[in-house]
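Listed below are the residues making up each chain.
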Amino acid sequence: MNLTEKEIIEIKALLSTPRAVTILTHRNPDGDALGSSLALKFFLEKFNHVAKVILPSEYPFNFAYLDGIDDCIVYDLARDKAVEAIKSAEIIFCLDFNALDRIDRLGLIVDEAKAKKILIDHHLDPEPFADYIFSDTAASSTCELIHRFIMDLGEGKRIDNSIGEALFTGLITDTGSFKYSTNSMTYRVAADLKDRGVDDYTLQDNIFNTYTEKQLRLLGHALANRMEIIPEYRAGLVALTKQDYLDFEIQRGDTEGIVNYILMLDGISVAAFIREQPTIVKLSLRSKGDISVQDMARKHFNGGGHKNASGGAAYAKLEDIVARFKKVLPDYVAKREL
Ligand code: 5GP
Ligand code: MN
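Residues numbered from 1 in each chain as written. Chains lettered and ligands numbered in written order. Predicted model: local features only at pLDDT ≥ 70, side-chain atom pairs only at ≥ 80, totals over all residues. Heavy atoms only, no water.

## Digging into the site of ligand 1
Taken together, 13 residues form the shell around ligand 1, and within it Arg102, His123, Ser284, Arg286 and Ser310 come nearest. Contact between ligand 1 and Ser284: an oxygen atom at 2.6 Å from a side-chain N or O atom of the residue. Protein burial of ligand 1: of its 490 Å² of free accessible surface, 77% is covered by the chains. If you list the elements that add at least two residues to the shell around ligand 1, you get strand E10 (281-287), strand E11 (304-305) and strand E12 (309-314). Examining the composition of the shell around ligand 1, we find that four residues originate from one element, E12, more than from any other. Class assignment for the residues of the shell around ligand 1 results in one nonpolar, nine polar and three charged. (Near = heavy atom within 4 Å. Polar contact = N/O pair within 3.5 Å; in protein donor to acceptor, adjacent residues only side chain to side chain. Areas by Shrake-Rupley, 256 points an atom, 1.4 Å probe, with all protein chains shown as cover. Helix = DSSP H or I, 4+ residues; strand = E, 2+ residues; numbered from the N terminus. Nonpolar A, V, L, I, M, F, W, Y, C, P; charged D, E, K, R; others polar.)

## Observations regarding the packing of aromatic side chains
When we look at a pair of aromatic rings, we describe it by the centre distance and by the angle of the planes. Under the definition given, this model contains six aromatic pairs. Seen in terms of ring centroids, Phe168 and Phe178 are 6.1 Å apart; in terms of plane orientation they differ by 75°. Their pairing is edge-to-face. Linking Phe168 in helix H6 (residues 161-174) with Phe178 in the loop between H6 and helix H7 (184-195), this pair joins segments that are ten residues apart in sequence. Residue Phe168 is classed as buried on the basis of its relative accessible area of 2%. Each member of the aromatic cluster is reached from another via a ring pair, and the members are Phe168, Phe178 and Tyr187. (Phe/Tyr/Trp six-rings, centres within 6.5 Å; stacked < 30°, edge-to-face > 60°. Buried < 20%, exposed > 50% of the residue type's maximum accessible area, 1.4 Å probe, protein only.)

## So, the side chain of Asp136
Tracing the chain through its elements places Asp136 in the loop between strand E6 (132-135) and helix H5 (142-152). At 2.9 Å, the side chain of Asp136 and the backbone nitrogen of Ala138 are in polar contact. Ignoring sequence-local partners within four residues, the contact set of Asp136 consists of Asp121, His122, Leu145 and Arg148. (Contact = heavy atoms within 4.5 Å.)

## Focus: the packing of H6 against H7
At a minimum axis separation of 10 Å, H6 and H7 run at an interaxial angle of 150°. With respect to H7, the element H6 is oriented roughly antiparallel. Classified by chirality, the crossing of H7 by H6 is left-handed. Counting all contacts with H6, which are made through Gly164, Leu167, Phe168 and Leu171, the residues of H7 involved are Thr186, Val189, Ala190, Leu193 and Lys194. Classifying every residue of the contact of H6 with H7 by side-chain character gives six nonpolar, two polar and one charged. (Axes fitted to C-alpha atoms, helices over the stretch in contact; angles between N-to-C directions. Parallel < 35°, antiparallel > 145°, perpendicular 65-115°, else oblique. Left-handed = near helix turned anticlockwise from the far one by under 90°.)

## Some words on the sheet that holds strand E9 (residues 270-276)
Reading across the sheet, the six strands line up as E7-E8-E9-E10-E12-E11 and stay open at both edges, with mixed pairing between neighbours. Edge positions in the sheet fall to strand E7 (227-230) and E11, since each has one partner strand and no second. Inspection of the sheet shows E9 paired to E10 by seven bridges, in the antiparallel sense. Bridging across to E10, Glu276 finds its partner in Val281. Here helix H13 (residues 318-328) sits on the sheet in contact with E7, strand E8 (235-240), E9, E10 and E12, set at roughly 170° to E8. (Pairing = 2+ DSSP bridges.)

## A closer look at the environment of Arg105
Turning to its location among the elements, Arg105 is positioned in the loop between strand E4 (91-95) and helix H4 (106-112). Taking the C-alpha atoms as reference points, Arg105 and Tyr75, 30 residues apart in sequence, are found 9.7 Å from one another. Ignoring any residue separated from it by four or fewer positions in sequence, one finds Arg105 in contact with Tyr75 and Arg79.

## Some remarks on the coordination of the manganese ion (ligand 2)
Here the manganese ion (ligand 2) is held by the protein donor atoms Asp32 (OD), Asp96 (OD), His122 (NE2) and Asp174 (OD), which lie 2.2 to 2.4 Å from it. Residue Asp32 is classed as buried on the basis of its relative accessible area of 0%. (Donors = N, O, S within 2.8 Å, 3.2 Å for Na, K, Ca; no water.)

## Re the pattern of salt bridges
As enumerated under the stated definition, the model contains 19 salt bridges in all. Measuring nitrogen to oxygen at the nearest pair gives 3.3 Å for the salt bridge that ties Glu155 to Arg158. For Arg158, a relative accessible area of 29% corresponds to the partly exposed category. In this structure, Lys194 engages Asp200 in a salt bridge whose closest nitrogen and oxygen atoms are separated by 2.7 Å. Given the relative accessible area of 19%, Asp200 is considered buried. Sharing partners across several salt bridges, the network here consists of Arg27, Asp76, Arg79 and Asp104. (Salt bridge = Lys/Arg side-chain N within 4 Å of Asp/Glu carboxyl O.)

By themselves, these figures tell us nothing about what the structure is for.
Listed below in structure tokens is the structure:
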């Protein structure tokens, strides 16, 4: 769903005088969620809008290099401020999520808010809760779509270094450094941002080479002691227990990327990273090719996402979720003789 010419004209009219704009993104924001939100905020500020970014939960510390990230309102830390920013907004942008339940309790407040709502996203099956829906599941990232949005408004010249770095961050993180989910536009956008002076080398260094010693040891532990391979279904999983969380003092972001290591194994096409959290078991799923982990997440783990990268959660025991993953595998992968 690209925006129609008519919709672009309407949005231009909406933005033709300074507005109170609130930008929202999903819980556990990643590089694309943060980059798209901050890029849009800086862009709107160029036209004297008052733009605020709301994050449902805290951001991983490796994104601290992003300009303006300290000014984001984190709902978990400042509930009243976040709710007030939604209630008083004239325009609400919803970025990098497709359904109001992805922003938890804020979803209801957004649903009831009077503001005009604009959804910009690249996840499958967007829910029709917004007045304008700009959704393209072929796009690498929401950052790619924000770049298109800025270009569609004819304002490419406004992309400064802060906007460029924020957008490039989402391109990098949602494509695993241009390894997957790319299309030719992804590279055109990257080239355009590089032409405008973005230092992508330093961005990659900031994003990926900032592990703590604890994180690297946890990765070693996860792969050495918590990984199980199911070769006949080309699958692998890593399951972390509550005790692992205590032993390694695991915090938000510490487990980022572990799931991708499983897919580095030759012959493995589906990966699950399952972790036991205080009240819930969370699951990250990744796949290659035609295997849809989005379908698996939706049908079996109350989740969703993209065809090759999705997630979900359940109130269940860790071993039950591991067993459920193994049980549903035959619906997605043909058994092979070993
Ligand atoms: P991750 O495994 O990195 O947390 O998430 C991968 C993808 O799955 C992301 O695109 C994210 O939006 C989606 N996702 C993760 N957890 C959930 C969930 O609980 N519900 C839904 N609908 N999508 C999720
Ligand atoms: Mn994204």
